[in-house]
Amino acid sequence: MTSDSTGAQRPGVDWDAESAGFDDEPDHGLRDPAVREAWAARLRGWLPRGPADVLDLGCGTGSLSLLASEARHRVTGVDLSPRMVERARAKLAGRDAAFLVGDAAAPPVGEQRFDVVLVRHVLWTLSDPGRVLRHWRGLLRPGGRLVLIEGVWGTVSPVGMSADTLAALLAPLAADVRVERLSDDPLLWGREVEDERYALIAVP
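Residues numbered from 1 in each chain as written. Predicted model: local features only at pLDDT ≥ 70, side-chain atom pairs only at ≥ 80, totals over all residues. Heavy atoms only, no water.

## Focus on the layout of surface pockets
What counts, and what does not: A 1.4 Å probe that fits but cannot get out identifies a cavity on a 1 Å grid over protein atoms alone, an open set with protein on both sides within 12 Å along at least five of seven lines counts as a pocket, and a residue lines either if it has an atom within 4 Å of a point. Grid points are joined across faces, edges and corners, and a volume is the space filled by probe spheres set on the points. Helix numbering and strand numbering both begin at the N terminus, where a helix is a DSSP run of H or I of at least 4 residues and a strand a DSSP run of E of at least 2. Note on residue classes: Ala, Val, Leu, Ile, Met, Phe, Trp, Tyr, Cys and Pro are nonpolar, Asp, Glu, Lys and Arg are charged, and everything else, Gly too, is polar.
Empty space within the second largest pocket amounts to approximately 160 Å³. Ala40, Arg44, Leu67, Glu70 and Ala71 are the residues nearest the centre of the second largest pocket, which is lined by 13 residues in total. Among the secondary structure elements, those contributing two or more residues to the lining of the second largest pocket are helix H3 (33–46) and helix H4 (63–70). Of all the elements, H3 adds the most residues to the lining of the second largest pocket, at 6 residues. A per-class count over the lining of the second largest pocket returns 7 nonpolar, 1 polar and 5 charged.

Below you can see the structure in the form of structure tokens.
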């Protein structure tokens, strides 16, 4: 998936066509060392300390997958775009990672279960987020966690999902829900932002 200048994913876009320029966004390609380290530091706080199985849904070209892999986690990435998956496979060639073409809402992982389901800028685009969250929770092993990075992008015609809305959806599904605000860290986005951006970590 990709984003416009607000950082929001755009439904109805030809993701294969967009894949060539996906990494041009500072928070997608993570080419700037400062932006890359900002995301790596956040992931260190969100993911388990020891090696874990991480399912990266809507993985795009695999930038967060790469950071997770560099932190010694085993990664399975899923994206609807075959071109995105190709780029992710190339980016993580030789690492303990696998990438599948499929729908983030119903990832093709069979009976496999994970310690972390990691999803960035995907949930708000889905038609029934409550149902999808229940499905994602079912993909977790006991003690696992959901790490959901979302926001409300733009200030004139905002799109997205607020932290309060997502926390309410998760309340029946998770015993522990923590929101981490991300808007005040320009290193994550390569610039100052004024809209709502956050990560929500939920442990059933």
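Continuing now.
## A look at the side chain of Ser69
Test applied: The criterion used for residue contact is that any of the two residues' heavy atoms lie within 4.5 Å.
The topology assignment puts Ser69 in helix H4. In this view, Ser69 contacts Val75, Leu92 and Arg95; residues no more than four positions away in its chain are not counted.

## Points about helix H7 (residues 163–170)
For clarity, the cut-off: Under the scheme applied here, a residue whose accessible area is under 20% of the maximum for its type counts as buried, over 50% as exposed, and between as partly exposed, the area being computed with a 1.4 Å probe on protein chains only. Arc definition: directions from the helix axis to the C-beta atoms.
All of the buried residues in H7 are Ala163, Leu166 and Leu170. One side of H7 carries all its buried residues, which in axial view fall inside an arc of 70 degrees. For H7, the exposed residues lying more than 90 degrees away from the buried face are Asp164 and Ala168. Next to the buried residues of H7 lie helix H6 (129–138), strand E5 (140–153), strand E7 (176–181) and strand E8 (196–203).

Remember, this is a structural readout, not a statement about activity or role.
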